[in-house]
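Chain by chain, the residues run as shown.
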Amino acid sequence: MEIHINIIGAILIILAFAHIIFPVYFNWKNELQKLSLVNGQMMKVHTIFIALTVLLMGLLCLTSSNDLIETNLGKTVSLGLAFFWTIRLLIQFFGYSSLLWKGKKFETMVHITFSILWIYISGVFWLNYFQ
């Protein structure tokens with residue numbers, strides 16, 4: 001179990017840093033101009049805090065995997081992480097329109113890859129909690 005939590009930690013840290021490319025990849029300079037000032041700024045600020053949260057989850061997994069496995073507090077944290085990532089998995093299917101990826105090779109691969117990733121992450125935390 002510890003190796004899986006460490007793998008998740010590394011993946012989450014990489015994912016957190018991947019948020020750096022969002023403004024360029026999603027063309028926020030042009031796209032966010034269509035929004036009101038507050039909505040555009042909320043988009044940027046929330047992205048920063050999502051990246052920070054994912055980074056901190058990753059660091060927790062890398063630095064405290066044994067505690068997550070062996071302690072009552074770690075099990076409780078794992079339960080919270082299991083809920084968080086399970087909800088993220090559900091959002092993958094019910095929060096985004098399939099029009100964003102269906103019939104598009106690259107977007108479909110991204111959708112499938114992240115679906116598998118969210119299943120893996122949430123599954124590891126559920127297993128850790130119930131062990």
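That block above? That's the structure.
If you're wondering where the values come from, they're calculated on a predicted model, not measured in any experiment.

**Q** What's the story with the packing of aromatic side chains in this structure? I'm lost.
**A** Working definition: an aromatic ring pair is given by the centre-to-centre distance plus the angle between the planes. Within this structure, the stated rule accounts for eight aromatic pairs. Where F83 meets W126, the ring centres are 5.0 Å apart and the plane angle is 70 degrees; that geometry is what we call edge-to-face. Separated by 43 residues along the polypeptide, F83 in helix 5 (residues 72-94) and W126 in helix 6 (residues 105-130) bring together distant segments of the chain. Accessibility expressed as a relative area gives 46% for F83, which makes it partly exposed. By relative accessible area, which is 24% here, W126 ends up partly exposed. Here Y129 and F130 contribute two aromatic rings whose centre-to-centre distance is 4.9 Å and whose plane-to-plane angle is 80 degrees, an arrangement assigned as edge-to-face.

**Q** Teacher, can you tell me more about the nonpolar core here?
**A** Nonpolar side chains tend to gather and get buried jointly when the protein is soluble and globular. Membership of the largest hydrophobic core comes to 19 residues, with the highest contact counts inside it found for I8, L12, W85, W118, I121 and F125. For this core, the elements supplying multiple residues, two or more each, are helix 1 (2-18), helix 4 (37-70), helix 5 and helix 6. Excluding its chain neighbours within four sequence positions, the residues that come into contact with I8 are C61, Y120, I121, V124 and F125.

**Q** How should the environment of M57 be read in this particular structure?
**A** Here M57 lies in helix 4. Distance in space between the C-alpha atoms of M57 and I13 is 8.0 Å, their sequence separation being 44 residues. Setting aside residues up to four positions removed in sequence, M57 forms contacts with L12, L81, F84 and W85.

**Q** Can you help me understand the layout of surface pockets in this one?
**A** Where empty space is left becomes clear once a probe the size of a water molecule has been rolled over the atoms. Put simply, the largest pocket is a space of about 1400 Å³. Along its surface, the largest pocket is lined by 30 residues, and F22, F26, R88, Q92 and Y96 are the ones closest to its centre. Counting only elements with at least two residues in the lining of the largest pocket, the list comes to helix 1, helix 2 (22-25), helix 4, helix 5 and helix 6. Class assignment for the residues of the lining of the largest pocket results in 21 nonpolar, six polar and three charged. Reported here for the second largest pocket is a volume of approximately 170 Å³. Elements with a contribution of two residues or more to the lining of the second largest pocket: helix 1 and helix 4. In terms of residue class, the lining of the second largest pocket is built from nine nonpolar, two polar and one charged.

What counts as what
Residues numbered from 1 in each chain as written. Predicted model: local features only at pLDDT ≥ 70, side-chain atom pairs only at ≥ 80, totals over all residues. Heavy atoms only, no water. Phe/Tyr/Trp six-rings, centres within 6.5 Å; stacked < 30°, edge-to-face > 60°. Helix = DSSP H or I, 4+ residues; strand = E, 2+ residues; numbered from the N terminus. Buried < 20%, exposed > 50% of the residue type's maximum accessible area, 1.4 Å probe, protein only. Core = buried A, V, L, I, M, F, W, Y, C linked by side-chain atoms within 4.5 Å. Contact = heavy atoms within 4.5 Å. 1 Å grid on protein atoms, 1.4 Å probe; cavity = no way out; pocket = protein on both sides within 12 Å on 5 of 7 lines; lining within 4 Å. Points joined across faces, edges and corners; volume = space filled by probe spheres on them. Nonpolar A, V, L, I, M, F, W, Y, C, P; charged D, E, K, R; others polar.

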